[in-house]
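Residue strings, one per chain:
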Amino acid sequence: MTLSPARVPATGVRRLTTTLYGYSFLDDFVLLYPVYALLFADTGMSLWQISSLFALWSVTGVLLEVPSGAWADAVSRRRLLWIGPLLTAAGFALWVAVPSYWAFAAGFVLWGAGGALGSGALEALVYDELDRLGAADRYAGVMGRSRAARLLGTVSSIGLAGPVFARGGYEAVGAASFVACVLTAAVATRLPEHRVRAETGDEGWAKTLRTGLAEVRGDRSVRGALLLVPAVAAVWGALDEYTPLLVRDIGVAEATVPYLIMLIWAGVTLGSLLTGPAERLGTTGLAALLAAGALALAVGAAARSLAGIALVSLAFAVFQLAEVLADVRLQHRIDESRRATLTSVASLGTELATVVTFGGYALLGAEAAHSTVFAVLAVPYLVTALVLARSRAATARP
């Protein structure tokens, strides 16, 4: 039977999205997530040593983020997407097999390298494959559902970690995490990739990086779209780490805290699923969305109540939605040959801005309650909304 032209793209899109959602779920289905800090402490690591491990993880990602993106544009993106989880699997195996400071450090370097290989490469592969199928307009919805699959993987791993740990301890959750990483790599090999890659000589990764950065300097629309990604993603991504402290401060029992955290992540998942319809908002609509999210965050945090936590959940849903929309704007503006490079540059900006947010939170939190700090850190979103609104007005002006 001969397939119609409409049927061929539909089949291709279905294969891409099904594989992507499976990859995204498995990539965050890591049972070690809720217990690895406990593993470090139980091995005898001091708080300083544990903090240094987290710092090493962040530094590895920062150093490798942009070079790995340029490499993804010069070679096969799919190859990097299956190599990355295998590096992470090796790191987890080290943690469980020879638990010690240096094994933990090596594991974090491997995990950071694995994450950097996938950052930028995944977005670029998905966008270009959809574009090849004439379905680039579906990118927002596809990536929103991909984020939702990741969140589902995280929540599922947290739910299963308890009983698995109770039965087999760190060895069991470590083994399950190792297997999940290997399965992630296996699924990644099934991702379609039809891009014609540049030669690795004069058109290698170093030249790809130079030309990508030149595009940012020379094109104002690309530069604006790239800066919007960290402006939207960094603050709420950092605040997420402090939500248990915010929740506990409203006076609920310790046992209730995880359930309210689940409420917040339910909002984030909903935000991911709304990205397709929300793509029609445009610049003015995105500005209004960010302003509404900032208001919900400030009021919800200051309320210090269950209703306030619901507002924080709503704010995080808005910011998750806006983060995907910011990525969509960037993908629409950059050239295929430098897509992974510039997506990684945006991710690097997010990483650096997140570190700055952590520092700002520490300074503010030394004198103020968590609710106050959350409310203050809603201000950057109001500023971003104002900048977007003014840029839209300037564009519309004759």
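Thresholds, definitions, all that
- Residues numbered from 1 in each chain as written.
- Predicted model: local features only at pLDDT ≥ 70, side-chain atom pairs only at ≥ 80, totals over all residues.
- Heavy atoms only, no water.
- Helix = DSSP H or I, 4+ residues; strand = E, 2+ residues; numbered from the N terminus.
- Contact = heavy atoms within 4.5 Å.
- Areas by Shrake-Rupley, 256 points an atom, 1.4 Å probe, with all protein chains shown as cover.
- Buried < 20%, exposed > 50% of the residue type's maximum accessible area, 1.4 Å probe, protein only.
- Phe/Tyr/Trp six-rings, centres within 6.5 Å; stacked < 30°, edge-to-face > 60°.
- Core = buried A, V, L, I, M, F, W, Y, C linked by side-chain atoms within 4.5 Å.
- Axes fitted to C-alpha atoms, helices over the stretch in contact; angles between N-to-C directions.
- Parallel < 35°, antiparallel > 145°, perpendicular 65-115°, else oblique.
- Left-handed = near helix turned anticlockwise from the far one by under 90°.
- Nonpolar A, V, L, I, M, F, W, Y, C, P; charged D, E, K, R; others polar.

What follows is about the overall build of the protein chain. Secondary structure assignment for the protein chain yields 17 helices and zero strands. Counting only contacts in the protein chain whose residues sit at least 6 apart along the sequence, the fraction spanning at least 24 positions is 83%. Surface summary for the protein chain: the accessible area is close to 17,900 Å², and the carbon and sulfur share equals 66%.

So, about unusual backbone geometry. Residues other than glycine seldom take positive phi values, yet Arg304 does so here, at roughly 50 degrees. When you line up the elements, Arg304 lands in the loop between helix H13 (282-303) and helix H14 (306-333). When its relative accessible area of 42% is taken as the criterion, Arg304 is described as partly exposed.

On to the packing of aromatic side chains, then. With the rule as written, the count across this model stands at 26 aromatic pairs. On the numbers, 5.0 Å between centres and 65 degrees between planes, the contact of Trp95 with Phe108 is edge-to-face. Placement of the pair is Trp95 in helix H4 (residues 77-97) and Phe108 in helix H5 (residues 101-118), with a sequence separation of 13 residues. One aromatic cluster is present, formed by Tyr33, Tyr36, Phe40, Trp57, Phe92, Trp95, Phe104, Phe108 and Trp111 through successive ring pairs.

Formed by 54 residues in total, the largest nonpolar core has its most connected members in Leu239, Val247, Leu290, Leu297, Phe316, Phe319 and Phe374. Those elements that provide at least two residues to this core are helix H9 (220-239), helix H10 (243-248), helix H11 (257-273), H13, H14, helix H15 (339-365), helix H16 (370-376) and helix H17 (379-396). In terms of residue count, H14 provides more of this core than any other element does, 11 residues in total. If you look at the next biggest cluster of nonpolar residues, it comprises 28 residues, including Ala72, Leu80, Leu81 and Tyr127.

What follows covers the environment of Gly22. Structurally, Gly22 is set in helix H1 (residues 7-27). Of the residues examined, Gly22 reaches a relative accessible area of 27% and is grouped as partly exposed. Linking Gly22 and Val187, residues 165 residues apart in sequence, is a C-alpha distance of 7.2 Å.

Take the packing of helix H6 (residues 121-132) against helix H7 (residues 139-188) next. In the contact formed by H6 and H7, the axes pass within 10 Å of each other and the chain directions differ by 140 degrees. It follows from the interaxial angle that H6 and H7 lie oblique. For H6 against H7, the interelement crossing comes out right-handed. Contacts between H6 and H7 involve Leu122, Glu123, Val126, Tyr127 and Leu130 from the former and Tyr139, Val142, Met143 and Arg150 from the latter. When grouped by side-chain class, the residues that make up the contact of H6 with H7 number seven nonpolar, no polar and two charged.

The next point concerns the environment of Ala353. Take Ala353: it is sitting in helix H15. Note on Ala353: relative accessible area 25%, which makes it partly exposed. When the C-alpha positions of Ala353 and Ala231 are compared, they lie 7.9 Å apart, and in sequence the two are 122 residues distant.

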